[in-house]
Amino acid sequence: MTTATAELLTVPEVMARLRLGRSTVYDLIRSRRLTSITIGRARRIPADSVRDFITHEIEVAA
């Protein structure tokens, strides 16, 4: 596993990368547009999931 695929982001980090609010990020997780995992009580989003989300949104907009 490479470092890029192993990178897990917190919700605030995803908020900063996508420039979205907390509730919007959680809505994307709830609707399964962003993949996430829970470790204990911590929610983590794989960096690959964020990249895939951005790529998908660009393709849909084109």
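See the structure printed just above.
Conventions adopted
- Residues numbered from 1 in each chain as written.
- Predicted model: local features only at pLDDT ≥ 70, side-chain atom pairs only at ≥ 80, totals over all residues.
- Heavy atoms only, no water.
- Buried < 20%, exposed > 50% of the residue type's maximum accessible area, 1.4 Å probe, protein only.
- Helix = DSSP H or I, 4+ residues; strand = E, 2+ residues; numbered from the N terminus.
- Arc of directions from axis to C-beta.
- Contact = heavy atoms within 4.5 Å.
- Axes fitted to C-alpha atoms, helices over the stretch in contact; angles between N-to-C directions.
- Parallel < 35°, antiparallel > 145°, perpendicular 65-115°, else oblique.
- Left-handed = near helix turned anticlockwise from the far one by under 90°.
- Nonpolar A, V, L, I, M, F, W, Y, C, P; charged D, E, K, R; others polar.

S.K.: Outline helix H2 (residues 11–18), supporting the account with residue identities and numerical values.
M.R.: Considered for burial, the residues of H2 that qualify are Val11, Val14 and Leu18. Projected down its long axis, H2 carries its buried residues within an arc of 60 degrees, all on one side. Against strand E1 (8–9), helix H3 (22–30), strand E3 (42–46) and helix H4 (47–61) lie the buried residues of H2. Following H2 by one or two positions, Arg19 adopts a phi angle in the positive range, close to 55 degrees.

S.K.: Break down the packing of H2 against H4 for me, with residues and values.
M.R.: One can describe the packing of H2 onto H4 by two numbers: an axis separation of 11 Å at closest approach and a directional angle of 30 degrees. Classed by the angle they form, the pair H2 and H4 counts as roughly parallel. Considering the relative orientation of H2 and H4, their crossing is right-handed. Across the interface between the two elements, Val14, Arg17 and Leu18 from H2 touch Ala47, Val50, Phe53 and Ile54 from H4. When its residues are assigned to classes, the contact of H2 with H4 shows 6 nonpolar, no polar and 1 charged.

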